[in-house]
Amino acid sequence: ELSQEAHEIRDKNTDHSIILNTRALKKAHNAIVECPTIVKDHQFNVLIAGIHSELGQNYLNFGDLTRAIDHYEAGMKLWQSVDSLERSIDNGSAIGTIFIFEGKRLQAIDLLSKQLQLAKSIKYNDGIATVQSNLGALHRQRGNLEEALNFYNASLVTTIRSGDTF
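Described below are features of the structure shown in this document. Remember, it's a predicted structure, so these values are computed and weren't measured experimentally.

1. Notes on the packing of helix 4 (residues 85–102) against helix 6 (residues 125–141)
Point 1. Here helix 4 crosses helix 6 at 10°, and the two axes come no closer than 10 Å. With respect to helix 6, the element helix 4 is oriented roughly parallel. Counting all contacts with helix 4, which are made through I89, S93, T97 and I100, the residues of helix 6 involved are G127, T130, V131, N134, L138 and Q141.
Point 2. Taken together, the residues of the contact of helix 4 with helix 6 sort by class into four nonpolar, six polar and no charged.

See the structure below:
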């Protein structure tokens, strides 16, 4: 468990990161207004996707789940548009985790099932293992312990097979 001082440091850093990333998004918006064709630039979209992903994490840390989902969704769509499916899966998995936390089980299972299918199609083992673990948590929350255990075991096997260490 974090000490009070550790919580304060985390909150200050999160708040500072939110401010910086929000400023960066405003600058990006201004750039789009000045030069609308910039939205076709690959690196520009990678930058914006990264900012949205980071803001999603910042707002999640702050406990603002609505804003976290908004930014993760924006990031997920942009990552798909620049063919970074791994990062898109990471954002989708984060949204699924929030849905689990909020008790939105049907939304969580729908989104996480799609993320698992996508991760398997591109052989993204980290994404597969993470989504399997999230699906395990979802089934545990639903009281389906056997299914939860199946997903947790699958996640463990995927992690071991990919060569990751603990």
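2. Digging into the environment of A94
Point 1. Tracing the backbone through its elements, the reader meets A94 in helix 4.
Point 2. Classification of A94 by relative accessible area gives buried; the value is 16%.
Point 3. Considered as a pair, A94 and G56 are 38 residues apart in the sequence and their alpha carbons are 8.7 Å apart.

3. Considerations on helix 5 (residues 105–121)
Point 1. The terminal C-alpha atoms of helix 5, which comprises 17 residues, lie 24 Å apart, in line with the 24 Å expected from a rise of 1.5 Å per residue.
Point 2. Elements that come into contact with the buried residues of helix 5 comprise helix 3 (65–81), helix 4, helix 6 and helix 7 (145–161).
Point 3. Residue K123 follows helix 5 closely and has a positive phi angle near 55°.

4. Things to note about the nonpolar core
Point 1. Counting residues in hydrophobic clusters, the biggest one holds 34 residues, and the most contacted among them are I48, I95 and L135.
Point 2. Of all the elements in the fold, those that place two or more residues in this core are helix 1 (4–34), helix 2 (42–62), helix 3, helix 4, helix 5 and helix 6.
Point 3. Sort the elements by how many residues they give to this core and helix 3 lands first, with seven residues.
Point 4. Leave out the neighbours within four places in its chain, and I95 touches I69, Y72, E73, M76 and L111.

5. As for unusual backbone geometry
Point 1. Look at D83: it is not a glycine, yet its phi comes out positive at around 60°.
Point 2. With respect to the helices and strands, the residue D83 is situated in the loop between helix 3 and helix 4.
Point 3. With phi around 55°, K123 is a residue other than glycine that occupies positive phi space.
Point 4. Mapped onto the elements of the fold, K123 is located in the loop between helix 5 and helix 6.

6. A look at the environment of N58
Point 1. By the element assignment, N58 lies in helix 2.
Point 2. The sequence separation of N58 and D15 amounts to 43 residues, and the corresponding C-alpha distance is 7.7 Å.
Point 3. In this structure N58 touches T14, S17, I18 and N21, once residues within four positions along its chain are discounted.

7. Some details on the packing of helix 5 against helix 6
Point 1. Two elements in contact, helix 5 and helix 6, have axes whose closest approach is 9 Å; the angle formed by their N-to-C orientations is 155°. It follows that helix 5 is roughly antiparallel to helix 6 by the angle criterion. Seen from above, helix 5 lies across helix 6 with left-handed handedness. Along the contact surface, helix 5 presents R105, A108, I109, L112, Q115, L116, A119 and K120, while helix 6 presents G127, I128, V131, Q132, N134, L135, L138, H139 and Q141.
Point 2. Here the contact of helix 5 with helix 6 is built from residues that sort into nine nonpolar, six polar and two charged.

8. Looking at the pattern of salt bridges
Point 1. Counted by the stated rule, this structure contains three salt bridges.
Point 2. For E102, the salt bridge is made with K104, and the minimal N-O distance between the two is 3.2 Å.
Point 3. With a shortest N-O distance of 3.4 Å, K114 and D110 are connected by a salt bridge. Of the two residues, K114 and D110 are both situated in helix 5; the distance of four residues between them amounts to about one turn of the helix.
Point 4. Residue K114 is classed as partly exposed on the basis of its relative accessible area of 48%.
Point 5. What makes D110 partly exposed here is its relative accessible area of 42%.

Parameters and conventions
- In every chain, residue numbers begin from 1 and rise along the written sequence.
- Thresholds applied to this predicted model are a pLDDT of at least 70 for local features of residues and 80 or more for the giving and counting of side-chain atom pairs; totals over whole chains, interfaces and linings are not thresholded and use all residues.
- No hydrogens and no water enter the side-chain calculation; it runs on all heavy atoms of the structure.
- Between N-to-C directions, angles span 0 to 180 degrees; the directions come from axes that are lines fitted to C-alpha atoms, helices contributing only their stretch in contact.
- Numbered from the N terminus, helices here are DSSP runs of H or I no shorter than four residues, and strands are runs of E no shorter than two.
- We call two directions roughly parallel when the angle between them is under 35 degrees, roughly antiparallel when it is over 145, roughly perpendicular when it lies between 65 and 115, and oblique otherwise.
- Throughout, a residue-residue contact means that at least one pair of heavy atoms, one from each residue, lies within 4.5 Å.
- Residue type decides the class: Asp, Glu, Lys and Arg count as charged, Ala, Val, Leu, Ile, Met, Phe, Trp, Tyr, Cys and Pro as nonpolar, and the leftover types, Gly among them, as polar.
- For the exposure calls, accessible area comes from a 1.4 Å probe over protein chains only, and a residue counts as buried if that area is under 20% of its type's maximum, exposed if over 50%, partly exposed in between.
- By definition here, a helix of n residues has an expected span of 1.5 Å times n minus one.
- For this analysis, a nonpolar core means a set of buried residues of the types Ala, Val, Leu, Ile, Met, Phe, Trp, Tyr and Cys, connected via side-chain atoms within 4.5 Å.
- Crossing handedness: left-handed means the near helix sits turned counterclockwise from the far one by under a right angle, and right-handed means the same turn made clockwise.
- Every case where a carboxyl oxygen of Asp or Glu lies within 4 Å of a side-chain nitrogen of Lys or Arg is listed as a salt bridge.

Bear in mind that shape data such as this cannot, by itself, settle questions of function.
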